[in-house]
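Inside the fold
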Amino acid sequence: PFRHHINSNKVFTTSLSIKGGNVEPSNTLTKNVLVLVDGFAHYISGHVKDYCRQRSIELIEIVSPYIRNYFKQVENREIPLSFQAPDEGHESEWWEHRVQKILQDTSDGMVPLLNVAVLSESDSGVSTAERVSVCIGCANNNGIAPQLRNKFLMNENAQKIGLHSVRQKLASTWEEAE
């Protein structure tokens, strides 16, 4: 698995292994971190939060831009800045800021070694989770794959590899669809 060594203001991904085992220098402190996107439903995120608390996993909760815009436009409510997920293209700055907070909580002389995972509770947060996961370099990320959230693209990809799929047409108006 990829892990992040933090040194000063730089984060870099590294993995050391000898004969299948991980080697960690004696001055490292391993911290497990979960970034939870759009964790609102207690029956899901409540269990995730309890799990993290019980196992001393640092939890970073963020709200996707889609949900943030909903709260702003429909409910006239602002999401606090500390809970806002980065907008597209600003993931690196956001992660560096979060890393600084983790550094503040680390014992003197210890180099944190981060095991990081990103989880989205909502469909609307999946693209945010993908962007953050790719930025951080999580070993288990799927990359950025919009075709997994777009039925038109899914069917197009199925047709390209010879699978049967529905006939479809992308249209903006009823006249184009006819």
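You'll find the structure just up there.
Residues numbered from 1 in each chain as written. Predicted model: local features only at pLDDT ≥ 70, side-chain atom pairs only at ≥ 80, totals over all residues. Heavy atoms only, no water.

**Brief notes about helix α4 (residues 126–136)**
We apply this condition: The rule is simple: take the accessible area with a 1.4 Å probe, protein chains only, and divide by the maximum for that residue type; under 20% is buried, over 50% is exposed, in between is partly exposed. Secondary structure is summarised from DSSP: a helix means a run of H or I of at least four residues, a strand means a run of E of at least two, and numbering begins at the N terminus for each.
Listed in full, the buried residues belonging to α4 are T128, A129, E130, R131, V132, S133 and I136. Once α4 ends, the next one or two residues include G137, with phi positive near 90°.

**Quick look at unusual backbone geometry**
Even without being a glycine, S56 presents a positive backbone phi close to 55°. If you trace the backbone, S56 turns up in the loop between α1 (42–54) and β6 (58–62).

**Here we look at the pattern of salt bridges**
Any two side chains of opposite charge can pair, given that their charged atoms come close. Put simply, the test is: A carboxyl oxygen of Asp or Glu within 4 Å of a side-chain nitrogen of Lys or Arg is what we treat as a salt bridge.
Enumeration over the complete set of coordinates arrives at six salt bridges. Between D87 and R68 there is a salt bridge whose closest N-O contact spans 2.6 Å. Taken together, the positions of D87 in the loop between α2 (65–73) and α3 (91–104) and R68 in helix α2 put the pair 19 residues apart, joining distant regions of the chain. Classification of D87 by relative accessible area gives partly exposed; the value is 38%. One salt bridge in this structure joins E78 and K72, with 3.9 Å as the shortest N-O distance. Residue class for E78 comes out exposed when judged on its relative accessible area of 55%.

**Observations regarding the side chain of E130**
Considering the arrangement of structural elements, one finds E130 in helix α4. Overall, the relative accessible area of 10% leaves E130 in the buried class.

**Some remarks on the state of the cysteines**
Cut-off, in case you're wondering: Pairs of cysteine sulfur atoms within 2.5 Å are what we label disulfides.
This model, assessed by the stated rule, comprises zero disulfides. You can see C135 has no disulfide; the closest cysteine sulfur is in C138, sitting 9.3 Å from it. On the basis of relative accessible area, C138 is assigned to the buried category, the value being 6%.

**Considering the packing of aromatic side chains**
The geometry of two aromatic rings is summed up by the distance between their centres and the angle between their planes. In plain terms, the rule: When the centres of two rings from Phe, Tyr and Trp lie within 6.5 Å, Trp using its six-membered ring, the rings pair. Their planes under 30 degrees apart give stacked, over 60 give edge-to-face, and anything left gives tilted.
According to the stated counting rule, one finds three aromatic pairs in the structure shown. With 6.0 Å between their ring centres and 55° between their planes, F40 and F71 make a pair best called tilted. On the criterion of sequence distance, the pair formed by F40 in the loop between β5 (28–37) and α1 and F71 in helix α2 is long-range, its members being 31 residues apart. Residue F40 is classed as partly exposed on the basis of its relative accessible area of 47%. The class for F71 is buried, based on a relative accessible area of 12%.

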